[in-house]
Amino acid sequence: MKLAIYMSVVLAIGCQSGPPCPAAAPPSRRSAPSSVPTSDAPRQAPTPPLAYVITPVLNESPRLDVQVTTRQPIHRWRAPLADASALTAQDQAGDIRTTIKNGQLTLERPPKPPLTLRYSVRPTGKQPDRFTLDVGKTWFGGAQVLATPLSDAPTETTIELPSKAFGELARSTSSFAQSDRQTMTLTATALQRSMFVVGQIGIGSLVGPEGKDYASWLGYTAFDPRSALAEVAAFRSGARQYFGQLVMRPMTVLTLVSQRSTFDVERIPQSIVVRLGMAQPWSAPLRLAVAHQTLKEWIGGELFMAAEPPERAVWFNEGFARHLAWRLLAEFGLITASEAARAIENLIGVALTGDGAGLAAAQLPARAPKTAAAELTARGALYAALLDADLKRSKTSTDNAKQRGVSEVLRQLFRHVRKNPGPISAELFASTVRTALGTADSRWETVVNQGSVPSLAPTLDACLQSRTTSYAVFGLGYTTDSQNKITNVRKGGPAERAGVKPGDVVTKSVYEPGNADRRVVLTTTRAGTQRVFQYKPVTSTVRGPGATLRKGVDETKCFGRR
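It should be emphasised that the depicted structure is a prediction, and the values quoted were computed from it without experimental measurement.

1. Looking at the environment of Val 433
Right, on to step 1. With respect to the secondary-structure elements, Val 433 resides in helix H13 (residues 426-437).
Right, on to step 2. The buried category is assigned to Val 433, whose relative accessible area is 0%.
Right, on to step 3. Sequence spacing of Val 433 and Leu 410 is 23 residues, and the spatial spacing of their C-alpha atoms is 9.4 Å.
Right, on to step 4. Apart from the residues within four sequence positions on either side, Val 433 is in contact with Tyr 383, Leu 387, Val 409 and Asp 441.

Now the structure itself:
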């Protein structure tokens, strides 16, 4: 599909289609008072309160030399997680002794600004997705390289990273800007979660009335990142209409290509990081993952639920974003009805076959830590779909809820947070649902808390029909001890069928936790000989509800597209 199709879809979405909240008032556009220079001499920019200079040293033992200068009396810092060495600290009074303990860097005495920290960091090889350093492929996260203040107060910050050290054609980009020198007002948390990329990077931008969308990519895949940028920008503009916003902050999609068999999409401040392999197509699952993270600008971002522990709010912050991602992609024509049906069944599969299947939501983080987030996301997304159908069909629902469904609940919640900024509570959500539904809601208890998945027939588009299908249960089929030695192989399980035996020592294991469709690539040693096993991690199957395309339907007319 062409960009013109995407934009025509976006422009067709208006407030009359029932956005969840009224349009926000436009920001003030007062222009700053002009300044008149008193001489022709160039003015030197003032030193910002916090400044980083990152210098690469690319030899047989590559490292980054980091200099941090601050005009603030900061004597406690978060230490970078990478291998930091040669640390020194100096202020107006001279050298200051430092200690690093439990990830915190402490100065021996309160500094007399300006304070300068100098240290070096090297990638450890343990986090290649977070820190890779060489001439052709370099990226690193803020937590791995930047010492940041313990205080999270917004601070004007400059970061310099000379790209030419990586080659004449190299560029620097980050989750904040596409340049070697970047000045922004940031919190320490935003710096810790940032991402920086250097090399022969491709860059692109799209500027519309509502905001700016950027993309940077290092390496090429089976699709052109420029076409993906156009699609993400169009989707984001449509989402802006849905959530009732006139303007959006700039957002960047950072695409990092490496030797991997699957993809990973992560939301960080002002950006989305997409990590994938060279053969990865711009497929429906990848579109869905990117759309999910895009929507976290609003769900899980502007509108988010607080709980203790935080994992207990994943069903809303992640689950509702996931539901809206596949629903809006289908309505905008960016995935087909068949792909939407597969997205629904993927959610059901996670809910029915995860380690926490049958457990109460509060038990998942402790008893199924590896899959808890995915399972709570799936439960929340399925609950949102069922709640949407209940609101539209219930005789007791308000008129607005009958028309808008779950969008009416979001509309009321957005209205609340725009008047009272801050997190919402589970109690506020429940009372808002009860008011819109006109009666008590029983879906949360059965779907989110208990993990039960009833028939989804009421939630499906007219192009889809419900069915009963089988879902594969994920399992590696073996267990290891603290030395990575395989101590038990499940009899008749996938690992045994592949040839894995007790006593094998695992040297490398590549798989996607919870995904029984993705093959495991297991490398072991046995009697000094290396062996490689590949198999699907399926231990059993369970039956459950599903969705499929009706025969003879025109998929271009599904999900309200006529």
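2. Description of the nonpolar core
Right, on to step 1. One finds Leu 295, Phe 316, Phe 320 and Phe 429 to be the most contacted residues of the largest nonpolar core, which totals 66 residues.
Right, on to step 2. The contact partners of Phe 320, leaving out residues within four places of it in the chain, are Ile 299, Trp 315, Gly 380, Tyr 383, Ala 384, Val 406, Leu 410 and Phe 429.
Right, on to step 3. Within the second largest apolar cluster, 35 residues are counted, among which are Ala 79, Ala 82, Ala 147 and Ile 159.

3. Describing the pattern of salt bridges
Right, on to step 1. Scanning all chains against the criterion turns up 20 salt bridges.
Right, on to step 2. Across the pair Asp 388 and Lys 392 runs a salt bridge, and its minimum N-O distance is 3.2 Å. Of the two residues, Asp 388 and Lys 392 are both situated in helix H10 (residues 372-393); the distance of four residues between them amounts to about one turn of the helix.
Right, on to step 3. With relative accessibility at 38%, the residue Lys 392 sits in the partly exposed group.
Right, on to step 4. For the salt bridge of Glu 408 with Arg 411, the shortest nitrogen-to-oxygen distance reads 4.0 Å. Taken together, the positions of Glu 408 and Arg 411, both in helix H12 (residues 406-419) and three residues apart, correspond to about one turn of that helix. Across this residue pair, the class does not change: Glu 408 and Arg 411 are buried.
Right, on to step 5. Look at the salt bridges and you will find they share partners, linking Arg 130, Asp 264, Glu 266 and Arg 275 into a network.

4. Structural notes on H13
Right, on to step 1. With 12 residues, H13 should reach 16 Å at 1.5 Å per residue; the first-to-last C-alpha distance of 16 Å fits that figure.
Right, on to step 2. Among all positions in H13, only Phe 429, Thr 432, Val 433, Ala 436 and Leu 437 are buried. The buried side chains of H13 occupy one side of the element, clustering within an arc of 125 degrees when seen end-on. Those residues of H13 that are exposed and angled more than 90 degrees off the buried face are Glu 427 and Thr 435.
Right, on to step 3. Those residues of H13 that are buried are in contact with helix H6 (314-317), helix H7 (319-331), H10, helix H11 (399-404) and H12.
Right, on to step 4. Gly 438, located one to two residues past H13, shows a positive phi value of around 80 degrees.

Criteria and thresholds
- Residues numbered from 1 in each chain as written.
- Predicted model: local features only at pLDDT ≥ 70, side-chain atom pairs only at ≥ 80, totals over all residues.
- Heavy atoms only, no water.
- Helix = DSSP H or I, 4+ residues; strand = E, 2+ residues; numbered from the N terminus.
- Buried < 20%, exposed > 50% of the residue type's maximum accessible area, 1.4 Å probe, protein only.
- Contact = heavy atoms within 4.5 Å.
- Core = buried A, V, L, I, M, F, W, Y, C linked by side-chain atoms within 4.5 Å.
- Salt bridge = Lys/Arg side-chain N within 4 Å of Asp/Glu carboxyl O.
- Expected span 1.5 Å × (residues − 1).
- Arc of directions from axis to C-beta.

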